[in-house]
Amino acid sequence: MMNICIVVGTRPEIIKMSPIVRECEKRQLNYFMIHTNQHYSYNMDRIFFEELQLAEPKYNLEVGSGTHGAQTGKMLIELEKIISKEMPDIVLVEGDTNTILAASLCASKLHIDVGHVEAGLRSFDRAMPEELNRLLADHLSTFLFAPTKISKGNLTNEGIPENKIFVVGNTIVDATLRHLKIAQSKSKIMEKLNLIESGYLLLTLHRQENVDDKDRLEKIVTSIEEIVKDFKLPILYPIHPRSDKMIKKFGLKERLESNSKIRLIEPVGYLDFLVLEKNAKLVLTDSGGVQEETCIMNVPCVTLRYNTERPETVEVGKNVIVGVETKDVLEGVQEMINKELGPENPFGDGRTGEKIVDILVESY
Ligand code: UD1
Ligand code: UDP
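Report on the accompanying structure.

What counts, and where the lines are drawn
Residues numbered from 1 in each chain as written. Chains lettered and ligands numbered in written order. Predicted model: local features only at pLDDT ≥ 70, side-chain atom pairs only at ≥ 80, totals over all residues. Heavy atoms only, no water. Helix = DSSP H or I, 4+ residues; strand = E, 2+ residues; numbered from the N terminus. Rg over C-alpha atoms; globule rule 2.2 N^0.38 Å. Lys, Arg positive; Asp, Glu negative; His and termini not counted. Charge placed at Lys NZ, Arg CZ, Asp CG, Glu CD. Near = heavy atom within 4 Å. Polar contact = N/O pair within 3.5 Å; in protein donor to acceptor, adjacent residues only side chain to side chain. Areas by Shrake-Rupley, 256 points an atom, 1.4 Å probe, with all protein chains shown as cover. Pairing = 2+ DSSP bridges.

Another point: the overall build of the chain. Check the secondary structure of the chain and you find 17 helices and 13 strands. Taken over the C-alpha trace, the chain has a radius of gyration of 20 Å; the compact-globule value for 364 residues is 21 Å, and the two agree within 12%. With the C-alpha coordinates aligned to their principal axes, the bounding extent of the chain is approximately 60 × 40 × 40 Å. A distance of 2 Å separates the average location of the 45 positive side-chain charges in the chain from that of its 55 negative side-chain charges.

Near ligand 1 lie 20 residues; those nearest to it are His39, Ser41, Glu130, Arg207 and Arg242. Measuring from a nitrogen atom of ligand 1, one finds a side-chain N or O atom of Ser41 at 2.7 Å. At 2.9 Å, a side-chain N or O of His206 approaches an oxygen atom of ligand 1. Considering ligand 1 on its own, with 750 Å² of exposed area, one finds that the protein chains cover 90% of that surface. Residue assignment for the shell around ligand 1 shows that the elements contributing at least two residues are helix 3 (68-86) and helix 11 (241-249).

Here the focus is the sheet that holds strand 1 (residues 3-8). Pairing within the open sheet is parallel, and its seven strands lie in the order 3-2-1-4-5-6-7. Across the chains shown, the open sheet's two edge strands, defined by having one partner strand only, are strand 3 (59-60) and strand 7 (165-167). With three bridges joining them, strand 1 and strand 4 (residues 90-94) adopt parallel strand pairing. The residue bridging Cys5 from the neighbouring strand is Val91, located in strand 4.

What follows is the structure, encoded as structure tokens:
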């Protein structure tokens, strides 16, 4: 019987792999999970296992944080021990983190097939660690599960043979559709934070190129100060631990906290976050998953970056890429804030997990 190894490490990987785990459980397939523990804080890790009702991973590598080399290297050492012992038929990885670089490299060197979920995304910016991770993982993979035709095109342009590529949508749609209704009935976050629908903007920020660069982070802070002034709406900011560390380091925390219209909170769980996104007047972000979710849930999105590996969200008119300069950010918010959004969802029908598992079952 086929043996599937599912590797996760960070918040978005846990969320986006959950539909595949669920499908393996439903079909009683032989699978096991490895968690590198790249993310380990309760609200970046455990809370998602609880809310998504995922079983404990068979292995937890407890790798934690570090420089790119140290973190990836520790993962490789530990993964090699486990994968060479278990010898699964396939190792599934998701997205573009250091976890997937380590897992795809380890498995392919052991001559084990790699399946890359969310293959073919390209920002065409190799200064981003994620771009290097996804490029390398794609070229090491046997099965490339591309979310859209655009991502498939990126792969064929790099010479990856068509017969390895499967356009299946993105599992984020499965997860969003499954959990939004549950979230809306269970979550008490709106009451807890005393928020009303469309009465606030939501901000997330964690890209290395935005938050580790003092000049750029200062520009973003200035931009959000100007937004709350011009648009007369408060901004809610569940702060990623990387950003929290950097705004403290650059002395920006007091400035943010002293503005009564900017509200910083700890990162929230998935159910609360879906509700916060759905009810926001507009979302400002540099997250990949948040660009997708806002597109799926028809919430206007303004992306504080100079490129996106999710051009589909822009094509359907639900996202604009504005960078970090205040004038451009304000223009983007102005353009999007009252925009009527169509129902188009480029990321699939919510059956991506099922399709991926169908392909695996047919192949082994
Ligand atoms: C990582 C991924 C990024 C992904 C993001 C999802 C890489 C290169 N980056 O970025 O692609 O979009 O996860 O959120 O793989 N920290 C904590 N607690 C945690 C995790 C991190 O406090 O549970 C802090 C530590 O100070 C750490 C910093 O955040 O040094 C950065 O964590 P790291 O995993 O290196 O990168 P992320 O920015 O989370
Ligand atoms: N998310 C969450 N709580 C938060 C912020 C984000 O549950 O406070 C979820 C969000 O719904 C999405 C995912 O985290 O599914 C996005 O992860 P992140 O932005 O960290 O990473 P990226 O998608 O950029 O890799």
